[in-house]
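What the coordinates show
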Amino acid sequence: MTNATPSRRFGHVPVLLDQVIALLQPRDGALFIDATFGCGGYSKALLTSANCRVVAIDRDPQAREVATNMKDANGPRFDFVQGNFGAMQNHLHAKGFSSVDGGVVMDLGVSSTQLDDASRGFSFRRDGPLDMRMASDGPDAVSFVNEASEGEIARVIRSYGEERRARAVAKAIVFARKQRPILRTGQLASIIRRVVKKSVDGLDPATRTFQALRVHINNELNELAAGLASAENLLAAHGRLVVVSFHSLEDRVVKTFLRERVGKGSNPSRYQPTGQARSKPSFRLLTTRPIKPKPSEIVVNSRARSARLRAAERTAVDPWPGLVPA
Ligand SMILES: C[S@@+](CC[C@H](N)C(=O)[O-])C[C@H]1O[C@@H](n2cnc3c(N)ncnc32)[C@H](O)[C@@H]1O
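Residues numbered from 1 in each chain as written. Predicted model: local features only at pLDDT ≥ 70, side-chain atom pairs only at ≥ 80, totals over all residues. Heavy atoms only, no water.

Focus: the environment of Pro 14
To be explicit about the condition: The way it works is that DSSP assigns letters per residue, a run of H or I at least four long becomes a helix, a run of E at least two long becomes a strand, and they are numbered from the N terminus. The contact criterion used throughout is that any non-hydrogen atoms of two residues lie within 4.5 Å.
Within the fold, Pro 14 resides in the loop between α1 (6–9) and α2 (17–24). Residues Pro 14 and Arg 303, spaced 289 residues apart in sequence, show a C-alpha to C-alpha distance of 9.7 Å. Pro 14 has contacts with Gly 41, Tyr 42, Glu 297 and Asn 301, leaving out every residue within four places of it along the chain.

Right, here's the structure in full:
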């Protein structure tokens, strides 16, 4: 636990909340999965919209405190699992559920609470230890930045941050760590700012590299792919999948998954042995284009500005073969 004040620790404003709840259509008796509980904004809205049940998941142990309060207020209608949503099926099976008739919602990335807590090491604006682990276990960003090869650092920054100056940033990191280890977010941000210019839209030069390191350290894109496949396996016919993403790499994974599952994918054979008949759509799209926040939401919550929501409804067809979630 951090020693931040409660208002900061519980300070995440749920993004696109009205749109998420309208698409999930909460109803009495139905089961919903809030796969990214965070500070519980979506879970709370679901529980107050209908007499439904919610199983919430978050890999961050710090989410447990808010979850415990929600459990106290809602009894058996609410349950919480600390773990990865990539293993959603295992978590649900362990709780005795084999299918989900309501919906699954995923609100990707980190919460404002995690970002604003300097001790978590996600922020280039607040100096803190270079950690970046959502679950506070496994290798942290300090190990990667100080131990990985220059080529590997450049690959991660280019692939997960879409940073054109990835090689220059990697070179500067390797040069700097020879002088002294890079242990703080502020130290890393200054190294990046020496080689990447501020963009015309005013974006901090450290933004893309910090995003890349976070995505890599938390294995976010593989987790997302496993989470989407888990949701497909769990959802009953008419159950809904709603995903809010915050950068183009995440959105691309969601868009590609849904396009394939609604039968518009360019390469269905990726999931099927050659010669096998093409699977029938396992989802029906509810959003032909991603839903974006209205300017009125962005004015009060600047974090919402890059949000993109995609949603689909499960058909009665069996889940597609292929990716087996963890
Ligand atoms: C944007 S926040 C969710 C905020 C939440 N909707 C709310 O209203 O407070 C994302 C949360 O998902 C969690 N998370 C991210 N990736 C995860 C994963 N693969 N498995 C489980 N939780 C994850 C993070 O720890 C974070 O708490």
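Some remarks on the nonpolar core
The following threshold applies: Joining through side-chain atoms within 4.5 Å is the link that ties buried Ala, Val, Leu, Ile, Met, Phe, Trp, Tyr and Cys residues into a set, and such a set is a nonpolar core. Classification of residues uses two cut-offs on accessible area relative to the type maximum, computed with a 1.4 Å probe and protein chains only: under 20% is buried, over 50% is exposed, and between them is partly exposed.
In this structure, Ile 153, Ile 173, Ile 182, Leu 188 and Phe 210 are the most contacted members of the largest nonpolar core, which totals 32 residues. Of all elements in the fold, only α7 (141–147), α8 (150–161), α9 (166–179), α10 (185–195) and α11 (207–217) reach the threshold of two or more residues within this core. The biggest single contributor to this core is α9, with seven residues. In this structure Leu 188 touches Leu 130, Ile 173, Ile 182, Phe 210 and Leu 213, once residues within four positions along its chain are discounted. Among the nonpolar cores identified, the runner-up in size contains 31 residues, and Ala 30, Ala 50, Ala 56 and Phe 246 belong to it.

Notes on the domain arrangement of the protein
Quick note on the threshold: Boundary definitions for the domains trace back to an automatic or database domain assignment. Two parts placed together each lose some accessible area; with a 1.4 Å probe, that loss summed over both constitutes the buried area. We count a salt bridge whenever a side-chain nitrogen from Lys or Arg sits within 4 Å of a carboxyl oxygen from Asp or Glu.
Taken domain by domain, the protein holds domain 1 (6–113 + 220–314) and domain 2 (136–217). A C-alpha centroid distance of 29 Å is found between domain 1 and domain 2. Contact with domain 1, which involves nine residues of that partner, is made by seven residues of domain 2. Buried surface at the junction of domain 1 and domain 2, both sides included, amounts to about 700 Å², of which 49% is carbon and sulfur. For domain 1, the biggest contributors to the area lost against domain 2 are Glu 220, His 247 and Leu 249; these three give 58% of the whole. In this assembly, domain 1 and domain 2 are joined by two salt bridges. Broken down by element, the residue count for the side of domain 1 that touches domain 2 peaks at four residues, all from helix α13 (residues 248–261).

Digging into the site of the ligand
What counts here: By convention in these notes, a residue is near a molecule or strand provided one of its non-hydrogen atoms lies within 4 Å of it. Here a polar contact means two N or O atoms within 3.5 Å. Within protein one must be a hydrogen donor candidate and the other an acceptor candidate, and residues neighboring in sequence count only if both atoms are side-chain atoms. For the accessible areas, the method is Shrake-Rupley and the probe is 1.4 Å, while residue cover comes only from the protein chains on display. All residues other than Ala, Val, Leu, Ile, Met, Phe, Trp, Tyr, Cys, Pro, Asp, Glu, Lys and Arg, Gly among them, are scored as polar; the first ten of these are nonpolar and the last four charged.
The local shell around the ligand holds 25 residues, among which Cys 39, Asp 58, Phe 85, Asp 107 and Glu 223 are the closest. Contact distances for the ligand include 3.3 Å between an oxygen atom and a backbone N or O atom of Gly 40. Here a nitrogen atom of the ligand sits 3.1 Å away from a polar atom, N or O, in the main chain of Arg 59. With the chains in place, 98% of the 600 Å² that the ligand exposes on its own is no longer accessible. Here the shell around the ligand is built from residues that sort into nine nonpolar, 10 polar and six charged.

Some points on unusual backbone geometry
Its identity is not glycine, yet Ser 136 carries a phi of approximately 55°, on the positive side. Along the chain, Ser 136 turns up in the loop between α6 (112–116) and α7. What makes Ser 136 partly exposed here is its relative accessible area of 37%.

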